[in-house]
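Single-letter residue listing:
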Amino acid sequence: MSLDTTPRPVPPVPQPPRRNLLDRPLIGRALRSRWYPGLFQWIAVAVFAVVMWQLLAGPQTAHDNLGTALVWVLWWPLIPIVFVAVGRFWCAVCPFGKLSDLVQRLVGAQRPVPRFLKRYGIWLIDAQFILITWSDHIWGIVESPWGTGVLLLLLITAVIASGAFFQRRTFCRYLCFLGGMSGNYAQVGALELRADPDICRTCTARAVCFNGGDKAPACPLFEFPRTMESSANCNLCANCVKNCPSGAIRITARTPSRELWTVRNPRIEASFLAMAIMGIVLIQNLTMLQVWQNVLAWIDEVTGITSYPVIFTLAFVVAVGAPVTALWAASAVAARRGTAGTATMFARYGYALIPLDIAGHIAHNLFHLLAEGKSVAYTAVIAFGGARPDGSAAIVSADVIPYLQYAVLALGIAGSAYAVHRITTSRPGTGSRGTLARQLPFQAVVAVFAAANLLLFALPMAMRM
């Protein structure tokens, strides 16, 4: 007589209901107001106009340019923190989204989103993210106000073209490289918008939450609250909150990263982007260290190659490819022990690396924010006719920054290790052997890239401004 040792899915433990933040009078009134998110959008548009003016017509030295400081010293370091705190809220107030809305009202053809974009848009986003990062190192976009301005003009052109031809915010959902990153990061976010399925079953409003109504336009990112299981494409614009006649929409606080092990249909493209971002953060850190100059000198001595574009391109391919290859290898090992294939394992466990991705991104940019943060005020003085103030641009002592970086990294490492564990234990079909054996290959990937990040952050970084 043999015993059946196949693991059975453990029924979820009932959780106490989380409080709907819309029931708080101040929050509820604000999100249902006709001024939300429009007021924030116009503020963002005004700031963006100043940024473009400075990038294209201001000082062409990054050290003195307000546009460069606002984009790369303030906005870029803060944006991943925003995604963790409130999900894709930035996408609700982004000036590109507002521009797309205005173009549609004036000349929009309102054509359906092409099937090609629905199917392969995330791969185009992945390619853009990689290409823009590579271009920065080859042509020095960050250090060139004009280069940053041209990049933004190219994005504006794409936004206008998309808004003129296609429905809603097709660019934001299927083409924006920042939208792809924010979709990944928002799944770690501490806020969650969902619809109450019991109320939705009796709804007779003809999906007004999705299609739009008298109170607000349609969902800009093509999400149907009734079937939504992920925050990846919810920008908290509150259109569905305003349109729903039954009060079915709930916005609740949640444990960050919780969504990563509950995604029912993980996408290999999203996991690929998570691993590519891991490599991008590593190469960004490496090229800001003194050891990078030593590497360049060694390559010159051994091979005679002195072309920086050639050397960086090779290093970039290795850096981006290493995390992807490592996760694929771990997935192949795990696939031998379970019932799912390598591609399925890759798609499923790539989500677990997102917390470490975010931690590396935030830790890297904390240096720029805290070591160069005052440059925003200094360049503002220059922009409006004053002389650059004397003194350091640092907000806190350089001795403090590494401790903050390590604290952020520790949270990211713990989050990814825990996500690997929960994905393994909470999803059926990952294998028939012990839980530890099934998750060990992926925990090894987390450990390897955690160590790589810790090592690089132990070395002094160079300033951007």
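Everything here concerns the structure above.
Please read all numbers here as calculations on a predicted model, not as lab measurements.

Enquirer: Where do I start with the pattern of salt bridges in this structure?
Expert: Working definition: two side chains of opposite charge can pair if their charged atoms are close together. All chains considered together, the criterion is met by nine salt bridges. Salt-bridge contacts for Glu 192 lead to Arg 194; the nearest nitrogen and oxygen are separated by 3.7 Å. As far as the burial class goes, Glu 192 and Arg 194 line up, both buried. With a closest N to O distance of 3.0 Å, Arg 254 and Glu 192 form a salt bridge. Here Arg 254, found in the loop between strand S2 (249-253) and helix H13 (268-286), pairs with Glu 192, found in strand S1 (residues 191-195); they are 62 residues apart in sequence, far enough to count as distant. Pair check on accessibility: Arg 254 and Glu 192 agree, each one buried. Via salt bridges that share partners, Glu 192, Arg 194, Arg 254 and Glu 259 belong to a single interconnected network.

Enquirer: Quick question: what am I supposed to make of the packing of helix H19 (residues 401-426) against helix H20 (residues 435-457) here?
Expert: The description of two packed helices rests on the angle between their axes and on the distance between the axes. Where H19 contacts H20, the axes come no closer than 9 Å and their chain directions differ by 165°. It follows from the interaxial angle that H19 and H20 lie roughly antiparallel. Once H19 is placed against H20, the crossing between them reads as right-handed. Along its contact with H19, which presents Gln 405, Tyr 406, Leu 409, Ile 413, Ser 416, Ala 417, Val 420, His 421, Thr 424 and Thr 425, the element H20 presents Thr 435, Arg 438, Gln 439, Phe 442, Gln 443, Val 446, Ala 450, Asn 453, Leu 454 and Phe 457. Here the contact of H19 with H20 is built from residues that sort into 10 nonpolar, nine polar and one charged.

Enquirer: How should I be thinking about a nonpolar patch on the surface in this particular structure?
Expert: Together, Trp 35, Leu 39, Phe 40, Ile 43 and Val 47 make up a nonpolar patch on the protein surface, roughly 510 Å² of accessible area in all. Topologically, Trp 35 is positioned in the loop between helix H1 (25-32) and helix H2 (38-57). Judged by relative accessible area, which is 54%, Trp 35 ranks as exposed.

Enquirer: What should I look at first to understand helix H5 (residues 95-107) in this one?
Expert: Structural remark: α-helix, 3.6 residues per turn; residues separated by three or four positions point the same way. The terminal C-alpha atoms of H5, which comprises 13 residues, lie 18 Å apart, in line with the 18 Å expected from a rise of 1.5 Å per residue. What H5 keeps buried is the set Pro 95, Phe 96, Gly 97, Lys 98, Ser 100, Asp 101, Val 103 and Gln 104. Where H5 is buried, its residues meet H2, helix H4 (89-93), helix H7 (145-165) and helix H8 (170-174).

Enquirer: Sorry, what's going on with unusual backbone geometry here?
Expert: Across the chain, the bulk of peptide bonds are trans and the bulk of non-glycine residues have phi less than zero. Cis rather than trans, the peptide bond between Tyr 36 and Pro 37 has omega equal to 0°. In this structure, Pro 37 sits in the loop between H1 and H2. Unlike most non-glycine residues, Ala 238 shows phi in positive territory, near 70°. Tracing the backbone shows Ala 238 in the loop between helix H11 (208-211) and helix H12 (239-243). The residue Ser 257 is not glycine, and still its phi comes out positive at about 80°. With respect to the helices, strands and loops of the structure, Ser 257 is situated in the loop between S2 and H13.

Enquirer: Is there a simple way to think about helix H14 (residues 290-303) in this case?
Expert: Compared with the 20 Å implied by 1.5 Å per residue over 14 residues, the 20 Å span of H14 between its first and last C-alpha is a close match. Every buried residue belonging to H14 is among Trp 292, Leu 296 and Ile 299, and all of these are buried. An end-on view of H14 places all buried positions within 65° of arc, on one side of the element. Counted as exposed and oriented over 90 degrees from the buried face of H14: Gln 290, Trp 298, Glu 301 and Val 302. Turning to H14, the residues buried within the fold contact H13 and helix H15 (308-335). Trailing H14 by a residue or two, Gly 304 shows a phi angle of about 80°, which is positive.

Enquirer: Would you take a moment to explain the packing of aromatic side chains for this structure?
Expert: Aromatic ring pairs are reported here in terms of the distance separating the ring centres and the angle at which the planes meet. Inspection of the entire model under this criterion finds 21 aromatic pairs. Aromatic pair Tyr 36 and Phe 40: ring centres 6.1 Å apart, planes at 75°, arrangement edge-to-face. Through successive ring pairs, a cluster of aromatic residues spans Trp 72, Trp 75, Trp 76 and Trp 90. Its end group placed over the ring of Phe 210, Arg 168 keeps NZ or CZ at 4.3 Å from the ring centre.

The rules behind these values
Residues numbered from 1 in each chain as written. Predicted model: local features only at pLDDT ≥ 70, side-chain atom pairs only at ≥ 80, totals over all residues. Heavy atoms only, no water. Salt bridge = Lys/Arg side-chain N within 4 Å of Asp/Glu carboxyl O. Buried < 20%, exposed > 50% of the residue type's maximum accessible area, 1.4 Å probe, protein only. Helix = DSSP H or I, 4+ residues; strand = E, 2+ residues; numbered from the N terminus. Axes fitted to C-alpha atoms, helices over the stretch in contact; angles between N-to-C directions. Parallel < 35°, antiparallel > 145°, perpendicular 65-115°, else oblique. Left-handed = near helix turned anticlockwise from the far one by under 90°. Contact = heavy atoms within 4.5 Å. Nonpolar A, V, L, I, M, F, W, Y, C, P; charged D, E, K, R; others polar. Patch = residues over 30% accessible without salt bridge, like charges linked within 9 Å, V, L, I, M, F, W, Y side chains within 5 Å. Areas by Shrake-Rupley, 256 points an atom, 1.4 Å probe, with all protein chains shown as cover. Expected span 1.5 Å × (residues − 1). Arc of directions from axis to C-beta. Phe/Tyr/Trp six-rings, centres within 6.5 Å; stacked < 30°, edge-to-face > 60°. Lys NZ or Arg CZ within 6 Å of the ring centre and 35° of its normal.

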